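# Structure at a glance
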Amino acid sequence: MKKKIITIAVVAVIAFLGYSYRDQITSKVTNTPDKKAMQAQQKMSLTVYPLQLQDFYPSLSFVAKIEAKDKVEVRARVTGFLTKRLFKEGDLVKEGQLLFEIEKDQFEASVHNAQANLAKAQANEENAQAQFKRAQNLFKTKDVSEAKLDERKAEYSTAKAVVKQAQAELDIAQLNLNYTDVLAPISGRIGSATYSTGSLIGPDSGSLANIVSIDPIYAVFSVSENQLLQMRDFWQQEGSENINITFIYANGTVYPYKGEMNFVDNALDEQMNTMRMRVAFENPEGNLIPGQYGRIEMKFNQPHKALLIPTELVLRDLAGPYVYIVNDKDMLEQKRIKEGLELTNGMMVVEDGLNVGDRILSSHLQLAPRFMGQVINPIVQEYKVSKE
């Protein structure tokens, strides 16, 4: 009986050990693929932008303000009542065009008075000249003294001086009469009139109206020191004649006429560290208006090769610009770069820090620090630069 019990116990232990071993084998077989699947699921799929050399046409863009080539104030040069205004406010006027008339009566009278004084002085001069000649003849025959001759000579000289004085007074009177016609000093667009007809105006009345020149017209802008150095590099390589300069309105419309650089300041602004520049545009229709804002775009006509990266993929911290790349082990890394020219199409030239073939992280940039050092699943995908 005791042997039978022992035999049953041994059989039970063997059976238990067998089932336990089978479960362990089964568990190993079944758990192994599950673990690999789990690890596969933990690989984050992120898109990358493959870096490569590309042809590009260097371009620069700056905020610009339209300024008139000339801006003048129309002023009265004599005092009188304003009798006529001979233009429509806001119209284009030509240089020399009559704009205002000032009452002429008193100035015409001054001219007549000056003419009379001149005639009187000329008559006195003729008489003095005749007396002087007579004295000269009499002095030769000793019929007049030398003192009398000198007296007649002085009278004649005085008479000539009076004629010159009267002529000057007539010239001034004629000028003042001419000033009653207020003419446009330049061609351009005239603004609103400050005074109405009937107003008493004069040199102290200030501006009667403003005129701004329209054609040509200037676009003024400032460039940073770095941009200035980049521009000079391209100018030296290509020459300034190979630059295509356009003005772009605030709504994105391109102005049809091309510009020409006509001024570069002689020093950087000490406060802003920028250089002031100016581009001249033809403006025959007057579509560019002084005070208007837009953008100046400079495009160089010769292509260049460089590593280009979307500007949006460049991040910055206190140490400077950097990007995230996926290395040859499919792990995320941070790389510092040296920025180059920023193009108008949303791309940027990378001068240093990256190589051809580098895979730049182009999605989930804000989450990138969480995946640093981890293996990811990189997906090469064309990157589209967003348009603001």
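Worth saying up front: this structure is predicted, and the values here are computed from it rather than measured.

What counts and how
Residues numbered from 1 in each chain as written. Predicted model: local features only at pLDDT ≥ 70, side-chain atom pairs only at ≥ 80, totals over all residues. Heavy atoms only, no water. Axes fitted to C-alpha atoms, helices over the stretch in contact; angles between N-to-C directions. Helix = DSSP H or I, 4+ residues; strand = E, 2+ residues; numbered from the N terminus. Parallel < 35°, antiparallel > 145°, perpendicular 65-115°, else oblique. Left-handed = near helix turned anticlockwise from the far one by under 90°. Nonpolar A, V, L, I, M, F, W, Y, C, P; charged D, E, K, R; others polar. Pairing = 2+ DSSP bridges. Expected span 1.5 Å × (residues − 1). Buried < 20%, exposed > 50% of the residue type's maximum accessible area, 1.4 Å probe, protein only. Contact = heavy atoms within 4.5 Å. Phe/Tyr/Trp six-rings, centres within 6.5 Å; stacked < 30°, edge-to-face > 60°. Lys NZ or Arg CZ within 6 Å of the ring centre and 35° of its normal. Polar contact = N/O pair within 3.5 Å; in protein donor to acceptor, adjacent residues only side chain to side chain. pLDDT = per-residue confidence, 0-100.

Quick look at the packing of helix H2 (residues 105-140) against helix H3 (residues 146-178) now. At a minimum axis distance of 8 Å, the contact between H2 and H3 shows a crossing angle of 165°. By the angle between their axes, H2 is roughly antiparallel relative to H3. Here H2 runs over H3; the crossing is left-handed. Residue composition of the contact of H2 with H3, by class: 18 nonpolar, eleven polar and eight charged.

With that settled, consider the sheet that holds strand S5 (residues 80-85). Pairing within the open sheet is antiparallel, and its four strands lie in the order S8-S7-S5-S10. Edge positions in the open sheet fall to strand S8 (181-183) and strand S10 (200-201), since each of these has one partner strand only.

Now for H2. The terminal C-alpha atoms of H2, which comprises 36 residues, lie 53 Å apart, in line with the 52 Å expected from a rise of 1.5 Å per residue. Here H2 has its buried residues at Phe 107, Val 111, Ala 114, Leu 118, Ala 121, Glu 125, Ala 128, Phe 132 and Ala 135. The inward-facing, buried residues of H2 contact H3. Of the residues trailing H2, Lys 142 is marked for its positive phi of about 65°.

This part is about the side chain of Arg 152. Relative to the assigned elements, Arg 152 resides in helix H3. For Arg 152, a relative accessible area of 18% translates into the label buried. Not counting residues up to four positions away in its chain, the partners in contact with Arg 152 are Ala 128, Gln 131, Phe 132 and Ala 135.

In this section: the packing of aromatic side chains. In the structure shown here, the tally under the stated rule is eight aromatic pairs. Centre to centre, the rings of Phe 87 and Phe 100 are 5.2 Å apart; their planes meet at 85°, and the pair counts as edge-to-face. With a gap of 13 residues between them, Phe 87 in the loop between S5 and strand S6 (92-93) and Phe 100 in strand S7 (residues 98-102) connect regions that are remote in the sequence. Each member of the pair, Phe 87 as well as Phe 100, carries the same accessibility label: buried. Plain terms: the ring middles of Phe 247 and Phe 281 are 6.3 Å apart, the flat faces sit at 70° to each other, and that makes the pair edge-to-face. With Phe 247 in strand S13 (residues 243-249) and Phe 281 in strand S15 (residues 274-281), this pair connects stretches of sequence that are 34 residues apart. Classification of Phe 281 by relative accessible area gives buried; the value is 1%. A cation over an aromatic ring shows up here: Arg 85 above the ring of Phe 87, its NZ or CZ 5.5 Å from the ring centre. One residue, Arg 278, lies across the ring of Tyr 218, its end atom 4.2 Å from the ring centre.

Here Ser 205 is to be found in the loop between S10 and strand S11 (207-212). Within the local environment of Ser 205, its side chain forms a polar contact with the backbone nitrogen of Gly 202, the two atoms lying 2.8 Å apart. Ignoring anything within four residues of it in the chain, the contact list for Ser 205 reads Tyr 195 and Leu 200.

Attention now goes to the confidence of the model for the protein. Considering every residue of the protein, the mean pLDDT works out to 81; 85% of them sit at 70 or more. Every residue in residues 1-6 scores below 50 in pLDDT, and together they form zero contacts with partners more than four places removed in sequence or on other chains. Note on residues 8-33: pLDDT is under 50 here. Beyond four places in sequence and across chains, it has zero contacts.

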